[in-house]
Amino acid sequence: MPVTNGQGNPIWSLEETLLALDLLYRHDGPLDRRHREVIELSELLKRAAIHPFEVRQGSFRNPDGVALKMQNLLSAIDPNRGLSSSKADKAAVKDYPKARERELAVLATSLRATLIEPIIVDFVTDEEVFVEGGHWITARHRQRDQRLRQRLLAKLRHSELKCEMCDFSRPHLPREYQESFFEAHHLVPLFEAIGQRSTRVTDMALLCACCHRFIHKLIAAQQRWFGIQEARGFVRSI
């Protein structure tokens, strides 16, 4: 049985929990603290800027703690094991049961990449034009980063998926089909975001694909930034 001595460490975040659950599924059970992948996940979580360094104990996310987390997640799957599991563990297992193992694997890959190399920008088209210092700047195409969208959807896992601009939603459809309608949109203008180390999930809004394309077209045509509420008002005023 792993020993953590981890009293006082921050509670496991959703991101950390999902990474541990992915590891559990990939090996069909918990791993020993000496297992290479347990040690690798421990090192990743120590490097990640999820929790402030000043609130961490020396035992923060050590291999014992990762191994114990996997045991707890297994107990959330099978309560008859007798080990304790938190409400957060049970919620993670409910959201990503074994049947959604492949979806979780994709999300976990994105999370690992995000924690190693922070995301900077999401989606820009060739025709977008922004104001900076009194000059017009044409933003060239940048690759859409699906990791941001996946993280935003993960954050909204217990909420109704609804476009923040037109209120479009399809709650009668299975969740995976609902998600296909939506994209992540930056709340911060591109020229303000340039130079930032990363884009936080709180900097993103959930828009349906139609509204996402419309607001970018509106910005390009009007040659100025439009927030979601202003773009919403623009549509309703016509």
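Note: the structure precedes this text.
One numbering rule holds for all chains: residues counted from 1, following each sequence as written. Reporting of local features is limited, given that this is a predicted model, to residues whose pLDDT is at least 70; pairs of side-chain atoms are given and counted only at 80 or more, and all residues count toward the totals for whole chains, interfaces and linings. Hydrogens are left out, water is left out, and the side-chain values use all remaining heavy atoms of the structure.

1. Overview of the side chain of Ser-42
For helices the rule is a DSSP run of H or I covering at least 4 residues; for strands it is a run of E covering at least 2, with both sets numbered from the N terminus onward. Along the chain, Ser-42 turns up in helix H2 (residues 36-47). Whether a residue is buried, partly exposed or exposed follows from its accessible area with a 1.4 Å probe, protein chains only, as a fraction of its type maximum: under 20%, in between, or over 50%, in that order. The exposure class assigned to Ser-42 is buried, which follows from its relative accessible area of 0%. The term polar contact refers here to a pair of N or O atoms within 3.5 Å; inside protein, the definition further demands a hydrogen-donor-capable atom paired with an acceptor-capable atom, and it admits residues adjacent in sequence only when both atoms are side-chain atoms. Within polar-contact distance, the side chain of Ser-42 engages the backbone oxygen of Arg-61 at 2.5 Å. The contact definition used throughout considers only heavy atoms, calling two residues in contact when any of these lie within 4.5 Å. Among all residues touching Ser-42, those that are not within four sequence positions of it are Arg-61, Asn-62, Pro-63 and Val-66.

2. What to know about the state of the cysteines
Disulfide: a covalent bond connecting the sulfur atoms of a pair of cysteines. Note on terminology: disulfide denotes any pair of cysteine sulfur atoms within 2.5 Å. Under the criterion given, the structure shown has 0 disulfides. Free cysteine: Cys-163, not disulfide-bonded; nearest cysteine sulfur from Cys-166 at 3.7 Å. Classification of Cys-163 by relative accessible area gives buried; the value is 1%. Lacking any disulfide linkage, Cys-211 is separated from the closest cysteine sulfur, that of Cys-166, by 3.6 Å.

3. Some thoughts on unusual backbone geometry
Within the chain, Asp-28 stands out as a residue other than glycine whose phi angle is a positive 55°. For Asp-28, the position within the fold is in the loop between helix H1 (14-26) and H2. The backbone of Arg-61 sits at a positive phi, close to 50°, despite the residue not being glycine. Tracing the backbone through its elements, the reader meets Arg-61 in the loop between H2 and helix H3 (63-77). For Arg-61, a relative accessible area of 4% gives the class buried.

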